[in-house]
Amino acid sequence: MAVFGTWFAFCGAFAEDAAHSPSPPLAIFDGHNDVVGAYLDAEPLWSLEGRDITTKLEGQSDLPRWREGGFGGSMITVTSLVEAPGEAHTPTLRQSYDWFDAVVAATPALARVGTAAEARAAIAKGRFAVAMAIEGGDQIDGSLERLDEAYARGVRMMTIVYDHHNDIGDGAMAFVGSAAVAAAPHGGLSAFGRAVVA
């Protein structure tokens, strides 16, 4: 699907720029960032009140630290809040999309991008390029329609699995306690997983 193709295009376009430019830009594009955690660690969830990404945030990162580290953009993780097996991810994943939209709308220094060309243009203008990423394909609730919805909302990367097995494919099962889980059921990608990445 388009989510995967777009991410590879991001990577390839930046690599091509670096290879063919005598003075390649030094801005780093972060492939995964969980700054969303700063908006989920306290009530009210998702609220921007008292949580300004342009100032020091609790947690992994914020705009000042990105700038200090030489970053020009980032894939920002969006996530559902589902913990119970079998519960639908879609309702709270949509809240996460709305959170991302609100952060970008409230922060002129951020530029929402959907392609590598848009990211390069934003960085060249001094803005910080951001796009959404889903960590764990189980969050599309076994639906290609939900994957298309994610793309339409601005998601440009999705990891197939997050350690554990899901309906898309088998995970690494590397986390503590994972060894107690049943053996890989798919032998790689499931039939649905092949449709997801086709």
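Residues numbered from 1 in each chain as written. Predicted model: local features only at pLDDT ≥ 70, side-chain atom pairs only at ≥ 80, totals over all residues. Heavy atoms only, no water.

Draft legend 1. Region of interest: unusual backbone geometry. Cis geometry marks the peptide bond from Glu-43 to Pro-44, where omega comes out at -5 degrees. Mapping Pro-44 onto the fold places it in the loop between strand E1 (28-33) and helix H2 (63-68). In the Ramachandran plot, Asp-141 falls in the positive-phi region, its phi being about 55 degrees despite a non-glycine side chain. Looking at the element boundaries, Asp-141 is found in the loop between strand E4 (128-135) and helix H5 (144-153). One non-glycine residue, Asp-163, lies in the positive phi region at around 70 degrees. Note on placement: Asp-163 falls in the loop between strand E5 (155-159) and helix H6 (191-197). (Helix = DSSP H or I, 4+ residues; strand = E, 2+ residues; numbered from the N terminus.)

Draft legend 2. Expanded view of the packing of helix H3 (residues 90-106) against H5. Where H3 meets H5, the closest approach of the two axes is 11 Å, and the angle between their N-to-C directions is 10 degrees. The angle between H3 and H5 falls in the class roughly parallel. Together, Thr-90, Arg-94, Tyr-97, Asp-98 and Asp-101 of H3 and Arg-146, Glu-149, Ala-150 and Arg-153 of H5 make up the contact between the two elements. Taken together, the residues that form the contact of H3 with H5 break down as two nonpolar, one polar and six charged. (Axes fitted to C-alpha atoms, helices over the stretch in contact; angles between N-to-C directions. Parallel < 35°, antiparallel > 145°, perpendicular 65-115°, else oblique. Contact = heavy atoms within 4.5 Å. Nonpolar A, V, L, I, M, F, W, Y, C, P; charged D, E, K, R; others polar.)

Draft legend 3. Molecular detail of the side chain of Ser-190. By secondary structure assignment, the location of Ser-190 is in the loop between E5 and H6. A polar atom in the side chain of Ser-190 sits 2.9 Å from the backbone nitrogen of Gly-193. Apart from residues no more than four positions distant in its own chain, Ser-190 is found in contact with Asp-167, Ile-168 and Gly-169. (Polar contact = N/O pair within 3.5 Å; in protein donor to acceptor, adjacent residues only side chain to side chain.)

Draft legend 4. How the structure looks around the packing of aromatic side chains. One pass over the structure, following the stated rule, counts four aromatic pairs. Measuring from centroid to centroid gives 5.6 Å for Tyr-162 and Phe-175, while their planes differ by 75 degrees, and the two rings are edge-to-face. One end of the pair, Tyr-162, is in the loop between E5 and H6; the other, Phe-175, is in the loop between E5 and H6, and 13 residues separate them in sequence. Three or more aromatic residues joined by ring pairs form one cluster here, namely Tyr-39, Trp-46 and Trp-99. Just above the ring of Tyr-151 sits the side chain of Arg-156; from NZ or CZ to the centre is 3.7 Å. (Phe/Tyr/Trp six-rings, centres within 6.5 Å; stacked < 30°, edge-to-face > 60°. Lys NZ or Arg CZ within 6 Å of the ring centre and 35° of its normal.)

Draft legend 5. Quick look at the nonpolar core. Residues Ile-53, Val-78, Tyr-97, Trp-99, Phe-100 and Ile-134 are the most contacted members of the largest nonpolar core, which totals 30 residues. For this core, the elements supplying multiple residues, two or more each, are H2, strand E2 (71-78), H3, E4, H5, E5 and H6. Of all the elements, H3 adds the most residues to this core, at six residues. Once residues lying within four places of it in the same chain are set aside, the contact partners of Ile-53 are Val-35, Tyr-39, Asp-62, Leu-63, Pro-64, Trp-66, Val-103, Thr-107 and Leu-110. Of all hydrophobic cores here, the second largest spans ten residues; its members include Ala-119, Ala-129, Ala-131 and Ala-133. (Core = buried A, V, L, I, M, F, W, Y, C linked by side-chain atoms within 4.5 Å. Buried < 20%, exposed > 50% of the residue type's maximum accessible area, 1.4 Å probe, protein only.)

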